[in-house]
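Survey of secondary and tertiary structure
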Amino acid sequence: MSADYEPNIVAFLCNWCSYAGADLAGTSRVHYPANIQVIRVMCSGRVNPLYVMNALQQGADGVLVSGCHPGDCHYMEGNFYARRRLGMLKDLMEFIGVDPRRFHMSWVSASEGHKWKEVVEKTVEDAREAGPFEGFRRRQIDW
Amino acid sequence: MDLEQLRKTAAEIVDRDDVKYLIGWKQGSFGYRVAPSFVEDAAGAAELIFSPLCTANLATYLTLVEKLPVPRGQEADDRKVALMVKGCDSRAVVQLLVEKGIHRDQVIVVGCPCPGMVDPALLAENYPETEEPAELKWNGDGFLLIRGGEEIKVARDELLAEKCRLCRYPNPVISDISLGEAVEPWEPVEDSGVIEIEGKDIDGRSDYWEEQFAKCVRCYSCRNVCPLCYCQDCILDRLNPTWVNRAVNFSENTAFHIARAFHLAGRCIECGECERVCPANIPLGRLNRKLAREVRDKYGFEPGVDPEAEPFQASFKPDDPEDFIL
């Protein structure tokens, strides 16, 4: 691993809480690592577990999924489904040999700009420790 | 089980007007082969068998059957299908009912209590296959192999399939007609395959699966044989969006196996068919059993037991574990 290695993190944020939370962090001038690539989805329950797999395949070193706190979902129960599915995915990934530090899930509400900062710092820190993801990344073959 | 009773019952079932056919097992063309049989008349019923070689899970055929559009002026054939099931197969039927893949009144479940099946690969390895059809029977606490005129007694532990060693439901969970007497469930052994992988560290696991997945030729037999992989439009076949590329390399193979295992999380009934049909001998059962165990231990859910249950991934409990959340 080179010293100037910067991890690539893909973050799926729910429109109603986490995206607004990240927005609040921005308007509050909170500093957090710039390794995060945010993808806004309408609900964390909309995140197909295969998105996580696909992100890792296409070059991400870590994936973060963030939604509303349980009970606060804009769609009542979307994040409960997400919790169940992504929890299973985490177990499966770990069993297959993907470092558990590469996948995180969090609950960040629209008023938790500072929590968002902590979550991002933790995610980036973990991905940095785990190093570049070499596992089943799609390799470009030059013919 | 008494074969006479089985054949008589089967003949009675296919004789009914509201039954299309009965799916059972019959002697295959050679050696230890056992073939699925679609019985429509009494002659077919006389060929049915139930032996330790009937490993195939016939519940697959309930959803594999092609439903062609009905021509104008004709009525759809909505007669029932009768199906012979072992303990594990009956769980597949229950899971199909839970997911509304089939309707309860379209299927007649003929339950066959199962004292344990043999592993066909293990059998062919220890006792080479013959051209003549051979027979295998349950014999007290073991098996009796009848091959080329000689009778060989085989200990149960020598040939018992792995899925049967781990089996907790030898008796059908649901049945309309029960054949034979219920067997006493045995103590399942420790799942050594899963424990072996869990004992490795992350790199060890990743090396292990890299070696296994690199063997995959992407024939999709595991998907096709699975009684619970019955989507008309499978994501693995889709080109837009392309979830999994068709290239056969380690990256895409892993993606395929993650997708396959994940789609069976909380649904797999551990019939071991994927493992049996795999031409590359990838231990797919370990993936499935690991997830099944997580679902059982963490979420207290067991698929294919209660026909009234909610599907695992389409339901939730407010107190699901969330120790992994930051």
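Structure shown above.
Along each chain, residues carry numbers from 1 onward, in the same order as the chain's sequence is written. Here chains are named by letter from A upward and ligands by number from 1 upward, in the order in which they appear as written. pLDDT decides what is reported in this predicted model: residues at 70 or higher carry local features, side-chain atom pairs at 80 or more are listed and counted, and totals for whole chains, interfaces and linings draw on all residues regardless.

Another point: the environment of Phe133 of chain A. Residue and element names in this part refer to chain A. Secondary structure follows DSSP: runs of H or I at least 4 residues long count as helices, runs of E at least 2 residues long count as strands, and numbering of each begins at the N terminus. Its location among the elements puts Phe133 in the segment after helix H4 (113-130). Three classes are used. A residue is buried when 20 or more other C-beta atoms lie within 10 Å of its own, exposed when 12 or fewer do, and partly exposed in between, with C-beta atoms placed from the backbone. What makes Phe133 buried here is the crowd of 21 C-beta atoms within 10 Å. Linking Phe133 and Gln57, residues 76 residues apart in sequence, is a C-alpha distance of 9.1 Å. Throughout, a residue-residue contact means that the two C-beta atoms, derived from backbone geometry, are no farther apart than 7 Å. Apart from residues lying up to four places away in sequence, Phe133 is in contact with Leu56, Asp61 and Arg102.

As a further point, take the interface of chain A and chain B. Across the contact, 32 residues belong to chain A and 27 residues belong to chain B. Secondary-structure elements contributing two or more residues to the side of chain A that touches chain B are helix H2 (49-57), helix H3 (78-96), strand S4 (103-107) and H4 of chain A. The leading source of residues in the side of chain A that touches chain B is H3 of chain A, at 13 residues. Ten residue types, Ala, Val, Leu, Ile, Met, Phe, Trp, Tyr, Cys and Pro, are classed as nonpolar, four, Asp, Glu, Lys and Arg, as charged, and the remainder, Gly among them, as polar. Here the side of chain A that touches chain B is built from residues that sort into 15 nonpolar, six polar and eleven charged.

Each nonpolar core consists of buried Ala, Val, Leu, Ile, Met, Phe, Trp, Tyr and Cys residues. Their C-beta atoms, within 7 Å, join them into a set. Of all hydrophobic cores here, the largest spans 124 residues; its most connected members are Val63 and Leu92 of chain A together with Leu83, Val93, Val118 and Leu291 of chain B. Counting residues per element, this core draws most heavily on H3 of chain A, at ten residues. Contacts of Leu92 of chain A, omitting those with residues within four sequence positions, involve Ile258, Ala261, Phe262 and Leu291 of chain B.

Further remarks concern the environment of Phe301 of chain B. All names here are of chain B. Looking at the secondary structure, you find Phe301 in the segment after helix H13 (284-299). Separated by 13 residues in the primary sequence, Phe301 and Ala314 place their C-alpha atoms 13 Å from one another. Beyond its immediate stretch of four places on either side in the chain, Phe301 contacts Gly266, Val295, Arg296 and Phe312.

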